[in-house]
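Working through the structure, step by step
As a plain string of letters, each chain reads:
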Amino acid sequence: MMNKASAYWLIDEIAFQQFHPRVKTQEFQVWILAVNLEASTAALRCEDGNGRVLCSKQIPYTDFPLAEIKIYVSDNVILLPSEY
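The sections below set out a description of the structure shown in this document. This is a predicted model, so every value here is computed, not measured. (Residues numbered from 1 in each chain as written. Predicted model: local features only at pLDDT ≥ 70, side-chain atom pairs only at ≥ 80, totals over all residues. Heavy atoms only, no water.)

**Concerning the overall build of the protein**
Quick reminder of the rule: Counting from the N terminus, the helices are the DSSP runs of H or I reaching at least four residues and the strands are the DSSP runs of E reaching at least two. We take the radius of gyration over the C-alpha atoms and set the globule estimate at 2.2 Å times the residue count to the 0.38 power.
Within the protein one finds 1 helix and 5 strands. Counting from the amino terminus, helix and strand elements in the protein follow one another as α-β-β-β-β-β. Since a compact globule built from 84 residues should have a radius of gyration of about 12 Å, the 12 Å found for the protein is in line with a globular shape. When the backbone C-alpha atoms are referred to their principal axes, the protein occupies close to 35 × 25 × 20 Å.

In structure tokens form, the structure reads like this:
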């Protein structure tokens, strides 16, 4: 998926945020990229799996092709939900 969408930046962003104080203590994380396809902007947020937002970031430009994608981080492994 990341190869087809040229979205290695998304994996990089998730990896960088593993040092965020509220994120690094969570063994399970749900990352949600919500894209405004018309404006080519997005919002990336990390939740704890119970809906509590741990961190968020605005993305001023993206050409990511989907309106939304969820990515899991479990025990320091990045997974698509279908891989979990």
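Once the structure has been displayed, the description carries forward.
**Quick look at the pairing of strand E1 (residues 28-36)**
Basically, it comes down to this: For two strands to count as paired, DSSP must find a minimum of two bridges between them.
In this structure, E1 lies alongside strand E4 (residues 68-74), joined through 7 bridges in antiparallel fashion. Pairing of Gln 29 across the sheet is with Val 73, part of E4. Bridge count for E1 against strand E2 (residues 41-47) is 7 bridges, and the pairing is antiparallel. Its bridge partner being in E2, Ala 34 is matched across the sheet by Ala 43.

**Some points on the nonpolar core**
Generally speaking, a soluble globular protein has its nonpolar side chains buried in company with each other. To be explicit about the condition: Residues grouped as a nonpolar core are buried Ala, Val, Leu, Ile, Met, Phe, Trp, Tyr and Cys residues, joined through side-chain atoms within 4.5 Å. Whether a residue is buried, partly exposed or exposed follows from its accessible area with a 1.4 Å probe, protein chains only, as a fraction of its type maximum: under 20%, in between, or over 50%, in that order.
If you look at the biggest cluster of nonpolar residues, it comprises 17 residues, and the most contacted ones within it are Leu 10, Trp 31 and Leu 33. At the level of secondary structure, the elements contributing two or more residues to this core comprise helix H1 (8-16), E1, E2, strand E3 (53-59) and E4.

**Let's talk about H1**
Stated precisely, the cut-off is as follows: By construction, the arc corresponds to the directions joining the helix axis to the C-beta atoms. Residues are treated as being in contact if the distance between any of their heavy atoms lies within 4.5 Å.
Along H1, the positions that sit buried rather than exposed are Leu 10, Glu 13 and Ile 14. Along the long axis of H1, the arc covered by the buried residues comes to 100°, so they all point the same way. Residues of H1 that are buried sit in contact with E1, E2, E3, E4 and strand E5 (77-79).

**Observations regarding the side chain of Gln 18**
Here is the rule we go by: Here a polar contact is recorded for every N or O atom pair within 3.5 Å, except that within protein the pair must consist of a potential hydrogen donor and a potential acceptor, and residues adjacent in sequence are included only if both atoms are side-chain atoms.
Counting through the fold element by element, Gln 18 comes out in the loop between H1 and E1. Within the structure, the side chain of Gln 18 is placed 3.0 Å from the backbone oxygen of Ile 14, a separation counted as a polar contact. Every residue in contact with Gln 18, bar those within four places of it in the chain, is listed here: Val 23, Lys 24, Gln 29, Trp 31 and Val 73.

**Re the packing of aromatic side chains**
How we decide: Any Phe, Tyr or Trp ring, taking Trp's six-membered ring, that has another such ring centre within 6.5 Å forms a pair; planes under 30 degrees apart are called stacked, those over 60 apart edge-to-face, and the others tilted.
Taken as a whole, this structure holds 3 aromatic pairs when the rule is applied. Ring centres 5.3 Å apart and planes at 55° place the aromatic pair Phe 28 and Tyr 72 in the tilted group. Taken together, the residues span a long stretch of sequence, with Phe 28 in strand E1 and Tyr 72 in strand E4 at a distance of 44 residues. Between Phe 28 and Tyr 84, the aromatic rings sit 5.4 Å apart at their centres with planes inclined by 50°, giving tilted as the arrangement. Taken together, the positions of Phe 28 in strand E1 and Tyr 84 in the segment after E5 put the pair 56 residues apart, joining distant regions of the chain. When its relative accessible area of 23% is taken as the criterion, Phe 28 is described as partly exposed. Overall, the relative accessible area of 59% leaves Tyr 84 in the exposed class.

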